[in-house]
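# Results of the structural survey
Below, each chain spelled out in residue letters.
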Amino acid sequence: MKLMRLLCWIMVFCIDVHVKAEETHKEKCDFNRGNCVILAEDGRRVFRSDEILVMLAPRALLEIRNENTVQLVKGDFYIETEQPVKLQTPYAKIWCEGECKGLFSRTAVTLEVKSLDGNWRITRAGEKTVYVVPAGLQVSIGEVAENGQAQMEFPQSLPWVPTIKQWASLYPGKVSEFKPELEKFRQVWREAVEAVSVLHQTVATRAVASHEAEVEQARRQRLAQLREDQGLRNLFRDKNP
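Nothing here was measured: the structure is a model prediction, and the numbers come from that model.

Reading the values: rules and limits
Residues numbered from 1 in each chain as written. Predicted model: local features only at pLDDT ≥ 70, side-chain atom pairs only at ≥ 80, totals over all residues. Heavy atoms only, no water. Phe/Tyr/Trp six-rings, centres within 6.5 Å; stacked < 30°, edge-to-face > 60°. Helix = DSSP H or I, 4+ residues; strand = E, 2+ residues; numbered from the N terminus. Buried < 20%, exposed > 50% of the residue type's maximum accessible area, 1.4 Å probe, protein only. Salt bridge = Lys/Arg side-chain N within 4 Å of Asp/Glu carboxyl O. Disulfide = S-S within 2.5 Å. Polar contact = N/O pair within 3.5 Å; in protein donor to acceptor, adjacent residues only side chain to side chain. Contact = heavy atoms within 4.5 Å.

Within this structure, the stated rule accounts for 7 aromatic pairs. Relative to W120, the ring of F104 has its centre 5.1 Å away and its plane inclined at 85°; by these criteria the two rings are edge-to-face. Of this pair, F104 sits in strand β9 (residues 100-106) while W120 is found in strand β11 (residues 120-124), placing the two residues 16 residues apart along the sequence. The class for F104 is buried, based on a relative accessible area of 0%.

Put into structure tokens, the structure is as follows:
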């Protein structure tokens, strides 16, 4: 209960403070026009269209491009979308074919995706595989490695307090609207934590089994080599009495 009261206080403080500083983007900046840059300066900034809602944190920067594409340039973003809008960075492309909500943090060398609702889909640079990030999970993508693929971490469950604090600071609605979303997300988050725990255990078990198999194979190869060496020595002695 104390934790929930603390989170509610953080939530109210963050939303109240940032709503006062919020600036709605009023220029004609849309996907049909394209090549439109949106910069949040000292306060939050909102971009709304029929396809997407983006709340930019202070000093965040994005570019609206043609063909329903948003380039995340730098900073933190809260994004809601019900259309197949593509979010693009040098490391990965992200989209959602249904209804999704998420937090995105873009630095010069990384992109962090936090899924709050729906299933975000990701393709990293240098690979065609589509990865799915369900609600309650996060994934980090980094610079392109020597193999030509962007580095990507194993999916993790979202850290509760930092995520809620970031979400509250970028939430576009009222506190009364955020509370039920938070309660709904709590159950989703708990299920994600359990699922990731099981997945990690499975991966760990497979890794141990694989290592044991490799050790056993190496042992058999050593024994085979020893038998072969002994056979050659015996053959040499037979031919050289």
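Additional details are given in the paragraphs that follow.
Take the pattern of salt bridges next. In the structure shown here, the tally under the stated rule is 4 salt bridges. Note that E63 is salt-bridged to R65, the shortest N-O span being 3.5 Å. The exposure class assigned to E63 is buried, which follows from its relative accessible area of 18%. Owing to a relative accessible area of 29%, R65 belongs among the partly exposed residues under this scheme. In this structure, the salt-bridge partner of K101 is E181, at a minimum N-O distance of 2.9 Å. Of the two residues, K101 is situated in strand β9 and E181 in helix α3 (residues 175-239); the sequence distance between them amounts to 80 residues. Exposure remark for K101: the relative accessible area of 13% places this residue in the buried category.

Turning to the state of the cysteines, a few remarks are in order. Evaluated as defined, the whole model comprises 1 disulfide. C96 shares a disulfide with C100; S-S distance 1.8 Å. Judged by the sign of its S-S torsion, about 65°, the cystine formed by C96 and C100 is right-handed. Assessed through its relative accessible area of 2%, C96 is described here as buried. Given a relative accessible area of 0%, C100 falls into the buried group.

Let's shift gears to helix α2 (residues 160-170). Of all 11 residues that make up α2, 8 are buried, and the element is covered over most of its length. Where α2 is concerned, the buried positions are W160, T163, I164, Q166, W167, A168, S169 and L170.

Within the fold, R124 resides in strand β11. Judged by its relative accessible area of 15%, R124 falls in the buried class. Of the polar contacts made by the side chain of R124, one reaches the backbone oxygen of A150; its length is 2.8 Å. The residues contacting R124, other than those within four sequence positions of it, are Y91, A92, Y131, I141, Q149, A150, Q151 and M152.

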